[in-house]
Each structure stands twice: as C-alpha cells, then as structure tokens.
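What follows is each chain in one-letter form.
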Amino acid sequence: MFKKFLPNEHVESIFEIDPEKLKSRGIKGVITDLDNTLVGWNRPDATPKLIKWFQFMRESGIFITVVSNNTKERVRRFSDPVELPFIYRARKPMTKAFKTAMNDMNLKRDEIVIVGDQLFTDVLGGNRLGVHTILVVPIAKNDGWLTKFNRKMEYYLLQWMKRKGMIFWED
C-alpha cells in the first residue's frame, strides 16, 4: 500500500529534469504540478529561468501540461503567458485530470512523467495511473493550511520509508 506514495525519482528542482534523458527513455511529455513545483505557491508568474527551461523542453520535443488543484484564475494567470496547456481544479490524486492531459498530448502512459512536490497528490495520483513519477523539493518553505497538514503527514511517511530502506535521498 505505501508503495503508491513512493516516487520513481527524486530531484531538487524541475531544472534537474533533462529532456535528452527523458527522450532516451521514450518520454515525450511532462505533466507537472504548478504551486511549489514550478514556482512558489504565492508567486503568480514564471521566472526567467523557468521560461528558458520551458523553451528548452519545447525545442527538444517534450510536451508540457500543467495540472493543478488550484483555481482557474491562478493556473490561467501562470500558464497563458508561457503558452502552456493546463487543467485546473484537478482533484489530485484522482486520475481523471492526468488522463485528460495525457489524451490531450496524444501520449501513452509510458511516454509521460508526472512531476510534483507532494506525495499525497502528485505522486499518489501518478502511481495510481501507472505513470513514472518525479518528486521535487518544494520551492517555498511556507504553505497554505491544508498543504501544511499534508507536509507534516508526508514527513512522517518519508521517515518511515527511510527506516524501511525504501528511499535513499537526503532531505
């Protein structure tokens, strides 16, 4: 049961995800969370470094779709200027939004990765769908009240996984 919360990979930031490495594994698309994965939850716009990463991914032939539990206004404000398709109020860890994004990109499960900063939404949802998952370290150190609760539960789960030898990265 706990394996559903275990990501396939762990990286410090989105910038460690290299399109050439993805392509070498047959990956053609990235479904990514927004808040605390791409930018801090309280930052409305993409950073210049992130815009360059999006361009690099596009030039490499990797599709990107933002899938967020946040509101339409929040996700649109971020996604429209950088010309990324998006799904809002995704209800992650439910899989419907992930399936929609995958179908919109016209890709199969083994051709995408799901990237996010939370075990209980992004990783669990991706694992439920049978997709390769990548957990990133959250960008912001502060969160909304619900995410604070989730982070505390994630902390205990990660500590348990470490004790069981299921994960090997450092916090």
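Every value quoted in this text rests on a predicted model; they were computed, and no experiment measured them. (Residues numbered from 1 in each chain as written. Predicted model: local features only at pLDDT ≥ 70, side-chain atom pairs only at ≥ 80, totals over all residues. Heavy atoms only, no water.)

Looking at the overall build of the protein chain
Quick reminder of the rule: The helix and strand labels rest on DSSP assignments: H or I over at least four residues marks a helix, E over at least two residues marks a strand, and numbering proceeds from the N terminus. Only protein chains enter the calculation, and the probe is 1.4 Å; a residue is then buried if its accessible area is under 20% of its type maximum, exposed if over 50%, and partly exposed in between. For this analysis, residues touch if any pair of their heavy atoms sits within 4.5 Å. Per-residue and other accessible areas were derived by the Shrake-Rupley procedure at a 1.4 Å probe size, with only the shown protein chains allowed to occlude residues. Charge counting treats Lys and Arg as positive and Asp and Glu as negative, with His and both chain ends excluded. We put the charge of a Lys on NZ, of an Arg on CZ, of an Asp on CG and of a Glu on CD.
A count of helical and extended segments in the protein chain gives six helices and six strands. The N-to-C order of helical and strand elements in the protein chain reads β-α-β-α-β-α-β-α-β-α-β-α. Taking the principal axes of the C-alpha coordinates as reference, the protein chain spans close to 40 × 35 × 30 Å. Buried positions account for 49% of the 171 residues belonging to the protein chain. Considering only contacts in the protein chain between residues 6 or more positions apart, those separated by 24 or more positions represent 68%. Carbon and sulfur atoms provide 54% of the accessible area of the protein chain, an area that totals close to 9,400 Å². Where the 29 positive side-chain charges of the protein chain centre and where its 21 negative ones centre are 5 Å apart.

Remarks on helix α4 (residues 96-104)
Basically, it comes down to this: The directions considered for the arc are those from the helix axis to the C-beta atoms.
Considered for burial, the residues of α4 that qualify are A97, F98, A101 and M102. Each buried residue of α4 sits inside an arc of 140° when the element is viewed along its axis, so together they form one side. Looking at α4, the residues exposed on the side facing more than 90 degrees away from the buried face are K96, N103 and D104. Just downstream of α4, N106 is the residue with a positive phi angle, here 60°.

Thoughts on the nonpolar core
The tendency in soluble globular proteins is for nonpolar side chains to be buried as a group. What counts here: Residues enter a nonpolar core if they are buried and are Ala, Val, Leu, Ile, Met, Phe, Trp, Tyr or Cys, with the set joined through side-chain atoms within 4.5 Å.
Core analysis: the biggest nonpolar cluster contains 25 residues, and L50, F54 and F78 have the highest contact counts within it. Mapped onto this core, the elements with two or more residues apiece are α2 (48-59), β3 (63-67), α3 (72-79), β5 (112-116) and β6 (132-136). With four residues, the single largest contributor to this core is α2. If we skip the residues at most four places from it in the chain, F78 touches L34, L38, V39, P44, D45, A46, L50 and F54.

Re a positive patch on the surface
For the record, the criterion: Distance thresholds for patches are 9 Å for like charges and 5 Å for nonpolar side chains (Val, Leu, Ile, Met, Phe, Trp, Tyr), applied to residues having over 30% relative accessible area and no salt bridge. Any Lys or Arg side-chain nitrogen located within 4 Å of an Asp or Glu carboxyl oxygen qualifies as a salt bridge.
Side chains of K4, K99, R109 and R128 sit close together on the surface and give a patch of like positive charge. Relative to the elements of secondary structure, R128 occurs in helix α5 (residues 119-129). With a relative accessible area of 45%, R128 lands in the partly exposed category.

So, unusual backbone geometry
Omega for the peptide link from K92 to P93 comes to 20°, which places this bond in the cis form. Counting through the fold element by element, P93 comes out in the loop between β4 (86-87) and α4. Its identity is not glycine, yet N106 carries a phi of approximately 60°, on the positive side. Its place among the elements puts N106 in the loop between α4 and β5. Overall, the relative accessible area of 68% leaves N106 in the exposed class.

Description of the sheet that holds β6
Backbone hydrogen bonds are what pair the strands of a sheet, in a parallel or an antiparallel way. Keep this limit in mind: Here, any two strands with at least 2 DSSP bridges between them count as paired. Each axis is a line fitted through C-alpha atoms, taken for helices only over the stretch in contact, and angles between the N-to-C directions span 0 to 180 degrees.
Overall, parallel pairing links the six strands, which are arranged β1-β6-β5-β2-β3-β4 in an open sheet. Since the sheet does not close on itself, it has two edges, and those belong to β1 (9-11) and β4, each with one partner. Across the sheet, α5 lies against β5 and β6, angled at about 165° from β6, the strand it touches most.

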